[in-house]
Every structure is written in structure tokens, then in C-alpha cells.
Amino acid sequence: MMIILITGVSSSPGYKTAISLANKHEVVGTYNEHPINIPGVTVVKADITRDSARLITDYSLT
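Let me begin by describing the structure that accompanies this report. (Residues numbered from 1 in each chain as written. Predicted model: local features only at pLDDT ≥ 70, side-chain atom pairs only at ≥ 80, totals over all residues. Heavy atoms only, no water.)

## Let's talk about the side chain of His 25
Of note, His 25 is situated in the loop between helix H1 (12-22) and strand S2 (26-31). A polar contact is formed between the side chain of His 25 and the backbone nitrogen of Met 2, at a distance of 3.3 Å. The contacts of His 25, once residues within four sequence positions are left out, are Met 1, Met 2 and Ile 4. (Helix = DSSP H or I, 4+ residues; strand = E, 2+ residues; numbered from the N terminus. Polar contact = N/O pair within 3.5 Å; in protein donor to acceptor, adjacent residues only side chain to side chain. Contact = heavy atoms within 4.5 Å.)

Structure below.
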């Protein structure tokens, strides 16, 4: 199983990608302004232009 990061998970393409991968992989999705709940996906509020280091240090593998 891979850990997959999807940026912009609250967008239509991001959401559809997360849904399709969540049952086979561990999926982490980021959003900036529009919170979303996707079953089986860890969703994190982050501005990847500013918070990329925080994403790496704060996310712990399960």
C-alpha cells in the first residue's frame, strides 16, 4: 500500500481521485479554503505554498 498526497482535494478532480484511490491506498488530501470530508481519506488544511514543511513533519504514518 502506498501513501498518496492529493493537493486540492476539495476540487472536483481532487475529490474524484481521492475517492478512487482511498480503498486501495492511504490517501492524504490538502485543501486551502473549502473543508471537505471524504471517507477513508485524511484531510489536512494547508497552503502548500507556505505549509509544505509542516505537512511533512506533522503527518504521522499509520
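## Let's talk about H1
Residues of H1 that are buried: Gly 14, Ala 18 and Ala 22. What you see down the axis of H1 is that its buried residues fit within an arc of 55 degrees, all on one side. Summarising the geometry of H1, the exposed residues directed more than 90 degrees from the buried face are Pro 13 and Lys 16. Buried residues along H1 sit in contact with strand S1 (3-7), S2 and strand S3 (41-45). Regarding H1, its N-cap is Ser 11, as a side-chain oxygen of that residue lies 3.1 Å from the backbone nitrogen of Gly 14 further along. (Buried < 20%, exposed > 50% of the residue type's maximum accessible area, 1.4 Å probe, protein only. Arc of directions from axis to C-beta.)

## So, the sheet that holds S2
Strand order in this open sheet of three strands is S1-S2-S3, and the pairing throughout is parallel. Each edge of the sheet is formed by a strand with only one pairing partner; in this case those strands are S1 and S3. Averaged over neighbouring strand pairs, the angle between their axes works out to 20 degrees when direction is ignored. Bridge count for S2 against S3 is five bridges, and the pairing is parallel. Within S3, the residue paired with Val 28 across the bridge is Thr 42. (Pairing = 2+ DSSP bridges. Axes fitted to C-alpha atoms, helices over the stretch in contact; angles between N-to-C directions.)

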